[in-house]
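# An overview of the molecular structure
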Amino acid sequence: MQKANKKSYSKLSKLGTVLITGCAGFCGYWLVKYIREKFPHTYITGADVIDNKKVNNILDEFYFLDLANFEKTQKVINKIKPEIVFHFAGIFGDKNLETIYKINVGGTANLLKAVQSIKTAHKTRVILAGSAAVYGNTPIKRKHIDEYCKVQPVTHYGISKASEEMVGRLYAKESNIKIIFYRMFNLIGPGLSVQLLPGRIAGELTEIKKGKKKNVIKVGNINSIRDFLDIRDAVKLYVNLALYGKAGEIYNVGSGKGIRISDLLKCFISQSKLKVSLISEPSLYKNNDVEYSVADITKLSRIIPVIQEIKIEQSVSDMLKYYKSTKK
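So, how was this worked out
- Residues numbered from 1 in each chain as written.
- Predicted model: local features only at pLDDT ≥ 70, side-chain atom pairs only at ≥ 80, totals over all residues.
- Heavy atoms only, no water.
- Phe/Tyr/Trp six-rings, centres within 6.5 Å; stacked < 30°, edge-to-face > 60°.
- Helix = DSSP H or I, 4+ residues; strand = E, 2+ residues; numbered from the N terminus.
- Buried < 20%, exposed > 50% of the residue type's maximum accessible area, 1.4 Å probe, protein only.
- Lys NZ or Arg CZ within 6 Å of the ring centre and 35° of its normal.
- Axes fitted to C-alpha atoms, helices over the stretch in contact; angles between N-to-C directions.
- Parallel < 35°, antiparallel > 145°, perpendicular 65-115°, else oblique.
- Left-handed = near helix turned anticlockwise from the far one by under 90°.
- Contact = heavy atoms within 4.5 Å.
- Nonpolar A, V, L, I, M, F, W, Y, C, P; charged D, E, K, R; others polar.
- Pairing = 2+ DSSP bridges.
- Patch = residues over 30% accessible without salt bridge, like charges linked within 9 Å, V, L, I, M, F, W, Y side chains within 5 Å.
- Areas by Shrake-Rupley, 256 points an atom, 1.4 Å probe, with all protein chains shown as cover.
- Salt bridge = Lys/Arg side-chain N within 4 Å of Asp/Glu carboxyl O.
- Lys, Arg positive; Asp, Glu negative; His and termini not counted.
- Charge placed at Lys NZ, Arg CZ, Asp CG, Glu CD.

What follows is about the packing of aromatic side chains. Taken as a whole and judged by the stated rule, the model has seven aromatic pairs. Ring centres of Phe-88 and Tyr-238 lie 5.6 Å apart, and the angle between their planes is 55 degrees; on these two criteria the pair is classed as tilted. Linking Phe-88 in the loop between β4 (84-87) and α5 (97-116) with Tyr-238 in helix α8 (residues 231-244), this pair joins segments that are 150 residues apart in sequence. In this pair, the class of Phe-88 matches that of Tyr-238, namely buried. Through pairs of rings, three or more aromatic residues link up here, namely Phe-86, Phe-88, Tyr-182 and Tyr-238. The positively charged end of Lys-113 is found above the aromatic ring belonging to Phe-70, 4.6 Å away from the centroid.

Put into C-alpha coordinates, the structure is as follows:
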(Lines give C-alpha, C1' and ligand atoms only; values in the text may rest on other atoms or scores of the structure.)
Protein backbone atom coordinates (compact mmCIF):
# COMPACT_ATOMS: atom_id res chain seq x y z
CA MET A 1 0.00 0.00 0.00
CA GLN A 2 1.29 3.43 -0.94
CA LYS A 3 1.78 5.82 1.93
CA ALA A 4 0.89 9.50 1.92
CA ASN A 5 3.17 12.38 1.06
CA LYS A 6 3.06 14.74 4.03
CA LYS A 7 3.55 17.83 1.85
CA SER A 8 0.48 17.15 -0.26
CA TYR A 9 -1.99 15.56 2.17
CA SER A 10 -3.97 18.72 2.97
CA LYS A 11 -4.85 19.36 -0.65
CA LEU A 12 -5.56 15.81 -1.71
CA SER A 13 -7.31 14.15 1.22
CA LYS A 14 -10.69 14.88 2.77
CA LEU A 15 -9.30 13.77 6.11
CA GLY A 16 -6.06 15.76 6.24
CA THR A 17 -3.71 14.70 9.02
CA VAL A 18 -5.11 11.87 11.11
CA LEU A 19 -4.04 10.61 14.53
CA ILE A 20 -5.32 7.25 15.75
CA THR A 21 -4.74 6.48 19.42
CA GLY A 22 -4.81 2.78 20.27
CA CYS A 23 -3.78 2.07 16.68
CA ALA A 24 -2.35 -1.36 17.51
CA GLY A 25 -5.68 -2.71 18.71
CA PHE A 26 -8.61 -4.34 16.94
CA CYS A 27 -10.40 -1.12 15.97
CA GLY A 28 -7.18 0.75 15.27
CA TYR A 29 -5.85 -1.81 12.81
CA TRP A 30 -9.04 -2.02 10.75
CA LEU A 31 -9.42 1.78 10.69
CA VAL A 32 -5.83 2.32 9.53
CA LYS A 33 -6.34 -0.30 6.83
CA TYR A 34 -9.59 1.26 5.63
CA ILE A 35 -8.26 4.83 5.52
CA ARG A 36 -5.10 3.74 3.72
CA GLU A 37 -7.17 1.96 1.04
CA LYS A 38 -9.97 4.50 0.58
CA PHE A 39 -8.16 7.77 1.34
CA PRO A 40 -4.61 7.05 0.09
CA HIS A 41 -3.42 10.65 0.37
CA THR A 42 -4.20 10.85 4.08
CA TYR A 43 -1.20 11.20 6.37
CA ILE A 44 -1.86 8.69 9.16
CA THR A 45 -0.08 8.78 12.50
CA GLY A 46 -0.63 6.09 15.11
CA ALA A 47 0.01 6.11 18.85
CA ASP A 48 -0.07 3.18 21.23
CA VAL A 49 1.75 1.42 24.06
CA ILE A 50 2.05 -1.65 21.81
CA ASP A 51 4.31 -1.83 18.77
CA ASN A 52 2.29 -3.73 16.15
CA LYS A 53 4.39 -4.21 13.01
CA LYS A 54 1.35 -5.17 10.91
CA VAL A 55 -0.16 -1.76 11.68
CA ASN A 56 3.08 0.20 11.58
CA ASN A 57 3.78 -1.01 8.05
CA ILE A 58 0.79 0.94 6.76
CA LEU A 59 1.15 3.98 9.02
CA ASP A 60 3.13 7.06 8.00
CA GLU A 61 4.34 7.64 11.56
CA PHE A 62 4.11 5.76 14.84
CA TYR A 63 4.64 7.03 18.38
CA PHE A 64 5.03 4.81 21.40
CA LEU A 65 2.75 6.80 23.69
CA ASP A 66 1.13 6.27 27.06
CA LEU A 67 -1.66 8.85 27.36
CA ALA A 68 -1.29 8.74 31.13
CA ASN A 69 1.90 10.77 30.54
CA PHE A 70 0.62 14.28 29.79
CA GLU A 71 3.99 15.84 28.96
CA LYS A 72 4.79 13.27 26.31
CA THR A 73 1.22 13.38 24.98
CA GLN A 74 1.46 17.14 24.61
CA LYS A 75 4.76 16.89 22.74
CA VAL A 76 3.33 14.37 20.27
CA ILE A 77 0.16 16.38 19.66
CA ASN A 78 2.15 19.59 19.22
CA LYS A 79 4.35 17.90 16.65
CA ILE A 80 1.53 16.28 14.68
CA LYS A 81 -1.12 19.01 14.94
CA PRO A 82 -3.80 16.55 13.79
CA GLU A 83 -6.93 17.67 11.99
CA ILE A 84 -8.80 14.51 12.97
CA VAL A 85 -8.21 12.35 16.05
CA PHE A 86 -9.79 8.91 16.39
CA HIS A 87 -9.48 8.14 20.08
CA PHE A 88 -9.53 4.36 20.57
CA ALA A 89 -6.91 4.04 23.33
CA GLY A 90 -8.42 2.42 26.39
CA ILE A 91 -9.05 -0.87 28.13
CA PHE A 92 -12.13 -2.96 28.84
CA GLY A 93 -13.04 -5.37 31.59
CA ASP A 94 -13.35 -4.86 35.34
CA LYS A 95 -10.26 -6.61 36.67
CA ASN A 96 -7.79 -3.75 37.14
CA LEU A 97 -9.93 -0.88 38.37
CA GLU A 98 -7.11 1.63 38.84
CA THR A 99 -5.92 1.14 35.26
CA ILE A 100 -9.43 1.34 33.80
CA TYR A 101 -10.02 4.80 35.24
CA LYS A 102 -6.45 5.96 34.74
CA ILE A 103 -6.49 5.21 31.01
CA ASN A 104 -10.13 5.55 29.99
CA VAL A 105 -10.76 8.74 31.93
CA GLY A 106 -7.35 10.23 32.76
CA GLY A 107 -5.84 9.36 29.39
CA THR A 108 -8.76 10.98 27.58
CA ALA A 109 -8.42 14.12 29.69
CA ASN A 110 -4.70 14.33 28.88
CA LEU A 111 -5.34 13.88 25.17
CA LEU A 112 -8.00 16.60 25.02
CA LYS A 113 -5.94 18.95 27.17
CA ALA A 114 -3.02 18.45 24.77
CA VAL A 115 -5.20 19.10 21.71
CA GLN A 116 -6.62 22.20 23.41
CA SER A 117 -3.10 23.61 23.79
CA ILE A 118 -2.21 23.73 20.07
CA LYS A 119 -2.91 26.76 17.89
CA THR A 120 -4.85 24.68 15.38
CA ALA A 121 -7.21 23.25 18.03
CA HIS A 122 -10.19 25.00 16.40
CA LYS A 123 -9.57 22.94 13.24
CA THR A 124 -9.36 19.63 15.08
CA ARG A 125 -12.20 17.11 15.13
CA VAL A 126 -11.97 14.42 17.81
CA ILE A 127 -13.97 11.21 17.41
CA LEU A 128 -14.44 9.90 20.93
CA ALA A 129 -15.06 6.16 21.08
CA GLY A 130 -17.75 5.42 23.62
CA SER A 131 -19.66 2.28 24.51
CA ALA A 132 -23.23 1.07 24.88
CA ALA A 133 -22.06 -0.14 28.30
CA VAL A 134 -23.05 3.32 29.57
CA TYR A 135 -26.74 2.36 29.17
CA GLY A 136 -26.57 -0.59 31.55
CA ASN A 137 -29.83 -2.51 31.92
CA THR A 138 -32.36 -0.57 29.90
CA PRO A 139 -35.96 -1.82 30.37
CA ILE A 140 -36.60 -4.56 27.80
CA LYS A 141 -39.94 -2.96 26.89
CA ARG A 142 -37.89 -0.51 24.83
CA LYS A 143 -37.44 -2.28 21.50
CA HIS A 144 -34.26 -0.32 20.76
CA ILE A 145 -31.97 1.92 22.79
CA ASP A 146 -31.66 5.50 21.57
CA GLU A 147 -29.25 8.23 22.64
CA TYR A 148 -31.80 9.70 25.03
CA CYS A 149 -32.02 6.58 27.19
CA LYS A 150 -30.84 7.03 30.76
CA VAL A 151 -27.13 6.50 31.34
CA GLN A 152 -26.97 3.93 34.15
CA PRO A 153 -23.84 1.74 33.77
CA VAL A 154 -23.65 -1.45 35.82
CA THR A 155 -19.91 -2.17 35.45
CA HIS A 156 -16.75 -0.24 36.19
CA TYR A 157 -15.98 -0.30 32.47
CA GLY A 158 -19.35 1.30 31.74
CA ILE A 159 -18.79 3.89 34.47
CA SER A 160 -15.36 4.72 33.04
CA LYS A 161 -16.84 5.22 29.56
CA ALA A 162 -19.62 7.43 30.92
CA SER A 163 -16.97 9.44 32.78
CA GLU A 164 -14.91 9.68 29.60
CA GLU A 165 -17.91 11.22 27.85
CA MET A 166 -18.30 13.74 30.67
CA VAL A 167 -14.65 14.73 30.29
CA GLY A 168 -15.23 15.13 26.56
CA ARG A 169 -18.27 17.33 27.16
CA LEU A 170 -16.27 19.51 29.54
CA TYR A 171 -13.55 20.12 26.95
CA ALA A 172 -16.10 20.63 24.16
CA LYS A 173 -17.71 23.35 26.28
CA GLU A 174 -14.52 25.02 27.49
CA SER A 175 -12.54 24.92 24.25
CA ASN A 176 -13.08 25.17 20.52
CA ILE A 177 -12.28 21.50 19.85
CA LYS A 178 -14.99 19.83 17.80
CA ILE A 179 -15.75 16.55 19.59
CA ILE A 180 -18.07 13.94 18.08
CA PHE A 181 -19.20 11.21 20.47
CA TYR A 182 -20.33 7.73 19.54
CA ARG A 183 -21.52 4.77 21.58
CA MET A 184 -20.49 1.48 20.05
CA PHE A 185 -22.65 -1.56 20.61
CA ASN A 186 -21.02 -4.98 20.09
CA LEU A 187 -18.28 -5.48 17.53
CA ILE A 188 -17.46 -8.71 15.75
CA GLY A 189 -14.95 -9.69 13.08
CA PRO A 190 -11.49 -11.16 12.46
CA GLY A 191 -8.99 -10.30 15.17
CA LEU A 192 -11.53 -9.68 17.93
CA SER A 193 -9.99 -10.28 21.36
CA VAL A 194 -10.50 -13.67 22.98
CA GLN A 195 -11.51 -11.72 26.08
CA LEU A 196 -14.82 -11.04 24.31
CA LEU A 197 -17.31 -13.85 23.78
CA PRO A 198 -17.24 -14.19 19.96
CA GLY A 199 -13.44 -14.13 19.98
CA ARG A 200 -13.28 -16.72 22.76
CA ILE A 201 -15.72 -19.03 20.97
CA ALA A 202 -13.83 -18.77 17.67
CA GLY A 203 -10.56 -19.47 19.48
CA GLU A 204 -11.91 -22.46 21.41
CA LEU A 205 -13.48 -24.01 18.30
CA THR A 206 -10.12 -23.69 16.58
CA GLU A 207 -8.44 -25.48 19.50
CA ILE A 208 -11.07 -28.25 19.35
CA LYS A 209 -10.59 -28.68 15.61
CA LYS A 210 -6.85 -29.08 16.11
CA GLY A 211 -7.37 -31.69 18.82
CA LYS A 212 -5.97 -29.47 21.55
CA LYS A 213 -9.20 -29.23 23.51
CA LYS A 214 -12.20 -31.42 24.36
CA ASN A 215 -15.42 -30.81 22.45
CA VAL A 216 -16.88 -28.79 25.30
CA ILE A 217 -17.35 -25.04 25.62
CA LYS A 218 -18.33 -23.45 28.93
CA VAL A 219 -20.87 -20.63 28.75
CA GLY A 220 -22.71 -18.22 31.00
CA ASN A 221 -26.00 -16.48 30.18
CA ILE A 222 -26.78 -17.30 26.54
CA ASN A 223 -30.30 -15.88 26.56
CA SER A 224 -29.24 -12.23 26.45
CA ILE A 225 -29.70 -10.27 23.22
CA ARG A 226 -26.96 -8.17 21.64
CA ASP A 227 -26.44 -5.96 18.59
CA PHE A 228 -23.36 -7.00 16.59
CA LEU A 229 -21.74 -5.01 13.80
CA ASP A 230 -18.69 -6.18 11.86
CA ILE A 231 -15.64 -4.01 12.47
CA ARG A 232 -15.13 -3.62 8.72
CA ASP A 233 -18.53 -1.94 8.48
CA ALA A 234 -17.98 0.00 11.70
CA VAL A 235 -14.78 1.75 10.56
CA LYS A 236 -16.61 3.19 7.56
CA LEU A 237 -19.10 4.76 9.96
CA TYR A 238 -16.29 6.16 12.12
CA VAL A 239 -14.78 7.94 9.11
CA ASN A 240 -18.16 9.28 8.01
CA LEU A 241 -18.75 10.56 11.54
CA ALA A 242 -15.44 12.40 11.34
CA LEU A 243 -16.53 14.01 8.08
CA TYR A 244 -20.23 14.63 8.69
CA GLY A 245 -20.96 14.20 12.40
CA LYS A 246 -22.14 17.25 14.34
CA ALA A 247 -19.77 18.44 17.04
CA GLY A 248 -21.10 17.90 20.55
CA GLU A 249 -23.58 15.23 19.48
CA ILE A 250 -23.71 11.57 20.55
CA TYR A 251 -24.46 8.84 18.02
CA ASN A 252 -25.26 5.18 18.58
CA VAL A 253 -23.28 2.88 16.27
CA GLY A 254 -24.60 -0.62 15.65
CA SER A 255 -26.58 -2.72 13.22
CA GLY A 256 -29.95 -1.94 14.77
CA LYS A 257 -30.66 -5.69 14.90
CA GLY A 258 -30.56 -8.02 17.88
CA ILE A 259 -29.38 -11.61 18.05
CA ARG A 260 -29.71 -13.95 21.00
CA ILE A 261 -26.31 -15.20 22.19
CA SER A 262 -27.50 -18.81 21.93
CA ASP A 263 -28.21 -18.25 18.22
CA LEU A 264 -24.78 -16.70 17.71
CA LEU A 265 -23.20 -19.78 19.32
CA LYS A 266 -25.23 -22.06 17.03
CA CYS A 267 -23.91 -20.11 14.05
CA PHE A 268 -20.30 -20.57 15.18
CA ILE A 269 -20.73 -24.30 15.86
CA SER A 270 -22.59 -24.90 12.59
CA GLN A 271 -19.89 -23.20 10.54
CA SER A 272 -17.13 -25.04 12.38
CA LYS A 273 -18.77 -28.38 11.40
CA LEU A 274 -17.94 -29.74 14.86
CA LYS A 275 -20.04 -31.56 17.43
CA VAL A 276 -19.70 -29.44 20.53
CA SER A 277 -21.44 -29.53 23.91
CA LEU A 278 -22.25 -26.27 25.66
CA ILE A 279 -21.85 -26.56 29.44
CA SER A 280 -23.27 -23.98 31.83
CA GLU A 281 -20.49 -22.53 33.99
CA PRO A 282 -21.70 -20.65 37.12
CA SER A 283 -18.54 -18.49 37.27
CA LEU A 284 -19.39 -17.05 33.83
CA TYR A 285 -22.74 -15.70 35.00
CA LYS A 286 -22.72 -12.05 36.07
CA ASN A 287 -25.01 -10.51 38.66
CA ASN A 288 -25.13 -7.33 36.59
CA ASP A 289 -25.41 -8.96 33.16
CA VAL A 290 -27.23 -6.79 30.62
CA GLU A 291 -30.15 -8.79 29.20
CA TYR A 292 -30.98 -6.64 26.18
CA SER A 293 -28.80 -4.23 24.20
CA VAL A 294 -29.88 -3.28 20.67
CA ALA A 295 -29.13 0.10 19.10
CA ASP A 296 -31.60 2.59 17.72
CA ILE A 297 -29.52 4.04 14.86
CA THR A 298 -32.13 6.53 13.62
CA LYS A 299 -30.04 9.55 14.60
CA LEU A 300 -26.91 8.21 12.86
CA SER A 301 -28.93 7.30 9.76
CA ARG A 302 -30.07 10.90 9.38
CA ILE A 303 -26.54 12.10 8.63
CA ILE A 304 -24.82 9.11 7.00
CA PRO A 305 -25.93 5.88 5.31
CA VAL A 306 -25.76 2.92 7.70
CA ILE A 307 -25.30 -0.18 5.59
CA GLN A 308 -24.51 -3.57 7.10
CA GLU A 309 -22.61 -5.04 4.18
CA ILE A 310 -21.12 -7.91 6.19
CA LYS A 311 -23.76 -10.18 7.67
CA ILE A 312 -23.24 -12.01 10.94
CA GLU A 313 -22.71 -15.34 9.15
CA GLN A 314 -19.83 -13.86 7.14
CA SER A 315 -18.29 -12.35 10.27
CA VAL A 316 -18.38 -15.74 11.98
CA SER A 317 -16.86 -17.48 8.95
CA ASP A 318 -14.06 -14.93 8.70
CA MET A 319 -13.32 -15.18 12.42
CA LEU A 320 -12.96 -18.95 12.24
CA LYS A 321 -10.61 -18.58 9.26
CA TYR A 322 -8.62 -15.92 11.09
CA TYR A 323 -8.06 -18.02 14.20
CA LYS A 324 -7.24 -21.07 12.09
CA SER A 325 -4.45 -19.12 10.39
CA THR A 326 -3.09 -17.43 13.53
CA LYS A 327 -3.36 -20.09 16.25
CA LYS A 328 -0.56 -22.66 16.17
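Moving on: the packing of helix α9 (residues 261-272) against helix α11 (residues 312-326). Running from N to C, α9 and α11 point in directions that differ by 55 degrees, and their axes come no closer than 10 Å. Comparing their axes, α11 and α9 come out oblique. Of the two elements, α9 crosses α11, and the hand of that crossing is right-handed. Of the residues in α11, those in contact with Leu-264, Cys-267, Phe-268, Gln-271 and Ser-272 of α9 are Ile-312, Glu-313, Val-316, Ser-317, Met-319 and Leu-320. For the contact of α9 with α11, the class distribution of residues is seven nonpolar, three polar and one charged.

Glancing now at the sheet that holds strand β9 (residues 225-226). Taken in spatial order, the three strands of this open sheet run β12-β9-β14, and their pairing is mixed. A single partner strand is all that each edge strand has here, and the edge strands are β12 (259-260) and β14 (292-293). In this structure, β9 lies alongside β14, joined through two bridges in parallel fashion. By the bridge assignment, Arg-226 is partnered in β14 with Ser-293.

This part is about a positive patch on the surface. The grouping of Lys-209, Lys-210, Lys-212, Lys-273 and Lys-324 at the surface amounts to a positive patch. The exposed category is assigned to Lys-209, whose relative accessible area is 54%.

Across the two faces of β4 the burial is the same, with Ile-84 and Phe-86 and Val-85 and His-87 all buried. For strand β1 (residues 17-21) and β4, the ladder comprises four bridges, and the chain directions are parallel. Residue pairing for β4: Leu-19 is matched across the bridge by Val-85. Where β4 meets strand β5 (residues 125-131), four bridges bridge the pair, whose relative direction is parallel. In the strand pairing of β5, His-87 is matched with Leu-128.

So, on to the packing of helix α7 (residues 197-209) against α11. Viewed as axis vectors pointing N to C, α7 and α11 meet at an angle of 55 degrees, and their least axial separation amounts to 9 Å. Classed by the angle they form, the pair α7 and α11 counts as oblique. Considering the relative orientation of α7 and α11, their crossing is right-handed. In this structure, α7 uses Pro-198, Gly-199, Ala-202, Gly-203, Leu-205 and Thr-206 to contact α11, whose residues at the interface are Met-319, Leu-320, Tyr-323 and Lys-324.

Looking now at a nonpolar patch on the surface. Side chains of Val-49, Ile-50 and Phe-64 sit close together on the surface and give an oily, nonpolar patch of about 290 Å² of accessible area. Take Val-49: it is sitting in the loop between β2 (43-48) and α3 (53-56).

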